[in-house]
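If you want the building blocks of each chain, they are given just below.
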Amino acid sequence: MLEFAKRKGYAKILDPRIDFALNSIEVEYRRDPLTGESGRIAHMGIVAAQKIDYSVWDKPEHHEMCPFCPGNIERSTPRFPAELIPEGHIKKGGARVIANIAPYDRYSALTVMGPEHVMPLEKMSAAYLKDAFEAGLEFCRTVLEKERELPYSIIAWNYMPPSGGGLLHPHQQLIITDEPGNLYRKVMRESKNYRQKWGENFWEELCRREEEAGERFIGRIEEGYWLTAFCPQGVLGEIMAVFPGRSTIYDLDEKIIDGLVKGLLCLFKYFDSKNICSFNLALFAAPAGEGEKDFSLHIRVIPRFYMNLLLYTPDMSSMQVALQEPFSVVNPEEQCREIAPFFKS
Ligand SMILES: [Zn+2]
């Protein structure tokens, strides 16, 4: 059954901070309850995000250089072939889906989320986020109508440079593919294995168990269960929203998007309170007609930051990149207690 496996280890050092007395410093090892992969919680409280003011990059000379800013987007960004999207771009409110000039796949697009070159988290509105997600979904569904054999629709977001976002102007990544990436593939496979072995949907069981225990259960917004991940992928943790009973992108209707957006806006208030101004986000959906019963639609949000602003030290090192071992400096249970009040206001 679903298990939250963890154990502790201690490093003994003669600590200069306490006059070289013997100190025992805790490291916690955890296993992801679905994949069984390891991660650890260490360096508790030693690092924190520092506020970065991107508004200094929001001047007319910066807008002129930006391909996504009004006036440039029509002439500097690629259009889709007419047989796919006759208008060249998909538009929804202020959001616009364009073809990616540096594609990751056969169908690789970007949602330019609005005309604003810099959009701080505290200024994002529900309409801004909703238009972007809906425009992205329209692109996914348009491609899938023509390419039914492509099972995976990926909506991802690298917000601001610490996350790998190459342009300040907010944009989301859209990829329709049969190669969804290692984690996506593993999550689909293990969700199927879990149901075969235990006769239950892992994700529904996860929501039930987390709500019951309360330790990592942030709260419920509409149909979404917001949780801190037991074995987080990010140095500043990982937040998930799981939608039980929904599995494919066709289940992402207006009601689900409204709930998702509402939850994200609560989460962004928490991020702002912690000076977190960058994150990676990805949406995981089951391929239509395959594994729907094994799987629940979910998103993962992973805060990103520079370890220090003097040297721009990234928050990923050989631990995550070469050894593929995530480690977090925040305790998911404590982080849940910190986030929960933002979901009640
Ligand atoms: Zn711009």
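Note: the structure precedes this text.
This text gives an overview of the structure that appears in the document.

Reading guide: rules and limits
- Residues numbered from 1 in each chain as written.
- Predicted model: local features only at pLDDT ≥ 70, side-chain atom pairs only at ≥ 80, totals over all residues.
- Helix = DSSP H or I, 4+ residues; strand = E, 2+ residues; numbered from the N terminus.
- Rg over C-alpha atoms; globule rule 2.2 N^0.38 Å.
- Buried ≥ 20, exposed ≤ 12 C-beta atoms within 10 Å, placed from the backbone.
- Pairing = 2+ DSSP bridges.
- Expected span 1.5 Å × (residues − 1).
- Arc of directions from axis to C-beta.
- Contact = placed C-beta atoms within 7 Å.
- Axes fitted to C-alpha atoms, helices over the stretch in contact; angles between N-to-C directions.
- Core = buried A, V, L, I, M, F, W, Y, C linked by C-beta atoms within 7 Å.

**A closer look at the overall build of the protein**
A tally of helices and strands in the protein yields eight helices and 16 strands. Relative to its length of 345 residues, the protein is compact, with a C-alpha radius of gyration of 21 Å against a globular reference of 20 Å. For the protein, the C-alpha atoms occupy an extent of roughly 70 × 55 × 40 Å along the three principal directions. Counting the 345 residues in the protein, one finds 38% classified as buried.

**As for the sheet that holds strand 1 (residues 6-15)**
Read across the open sheet, the four strands follow the order 1-2-3-16; overall the sheet is mixed. Strands at the two margins of the open sheet, each flanked by one partner only, are strand 1 and strand 16 (327-328). Of the strand pairs in this sheet, strand 3 (residues 38-41) and strand 16 are connected by two bridges, and their pairing is parallel. Residue pairing in the sheet places Ile41 in a bridge with Ser328 of strand 16.

**Section: helix 4 (residues 182-198)**
In this model, helix 4 (17 residues) spans 24 Å end to end at C-alpha, consistent with the 24 Å of a helix rising 1.5 Å per residue. If you check which residues of helix 4 are buried, you get Val187, Met188, Ser191 and Tyr194. Considered in projection along helix 4, the buried side chains sweep an arc of 125° and stay on one side of the axis. Opposite the packed face of helix 4, turned more than 90 degrees from it, sit the exposed residues Asn182, Arg185, Gln196 and Lys197. As for helix 4, its buried residues are in contact with helix 5 (202-213) and strand 12 (279-284). Just downstream of helix 4 lies Gly199, where phi reads positive at about 75°.

**Observations regarding the sheet that holds strand 5 (residues 95-99)**
Taken in spatial order, the 10 strands make up an open sheet running 4-5-6-8-7-12-13-11-10-9, and their pairing is antiparallel. Looking at which strands have only one partner, the edges of the open sheet turn out to be strand 4 (90-92) and strand 9 (217-221). For this sheet the average axis-to-axis angle between neighbouring strands, irrespective of direction, equals 20°. Set on the sheet, helix 8 (residues 332-339) makes contact with strand 9 and strand 10 (224-228); between it and strand 10 the angle comes to about 130°.

**Focus on helix 6 (residues 254-273)**
The end-to-end C-alpha separation of helix 6 is 29 Å, in line with the 28 Å expected for 20 residues at 1.5 Å each. On its buried face, helix 6 is in contact with helix 3 (126-146), strand 9, strand 10, strand 11 (239-243), strand 13 (297-303) and helix 8. Directly beyond the C-terminal end of helix 6, a positive phi value near 60° is found at Asn275.

**Comments concerning the environment of Gly166**
Structurally, the position occupied by Gly166 is in the loop between strand 7 (152-159) and strand 8 (171-177). In this structure, the C-alpha to C-alpha distance between Gly166 and Phe202, residues 36 residues apart in sequence, is 35 Å.

**A word on the pairing of strand 5**
Counting buried residues in strand 5 gives five out of five residues, a clear majority hidden from the surface. As paired elements, strand 4 and strand 5 share three bridges and run antiparallel to each other. Its bridge partner being in strand 5, Lys91 is matched across the sheet by Arg96. Joining the antiparallel neighbours strand 4 and strand 5 is a turn of two residues, in which Gly93 adopts a positive phi near 55°. Here strand 5 runs beside strand 6 (residues 107-112); their pairing, made up of four bridges, is antiparallel. Paired with Ala99 across the two strands is Ala109, which belongs to strand 6.

**Observations regarding unusual backbone geometry**
Unlike most non-glycine residues, Asp19 shows phi in positive territory, near 60°. Take Asp19: it is sitting in the loop between strand 1 and strand 2 (21-31). For Asp19, a count of 7 C-beta atoms within 10 Å translates into the label exposed. Of note, Tyr312 is a non-glycine position whose phi angle comes to about 55°, a positive value. Tracing the backbone shows Tyr312 in the loop between strand 14 (306-308) and strand 15 (313-314). A tally of 10 C-beta atoms within 10 Å means that Tyr312 is categorised as exposed.

**Topic: the nonpolar core**
Ranked by size, the top nonpolar core spans 83 residues in total, and within it Ala109, Phe139, Cys140, Leu174, Val242 and Leu267 carry the most contacts. Broken down by element, the residue count for this core peaks at nine residues, all from helix 3. Once residues lying within four places of it in the same chain are set aside, the contact partners of Ala109 are Val97, Ile98, Ala99, Asn100, Phe139 and Leu174.

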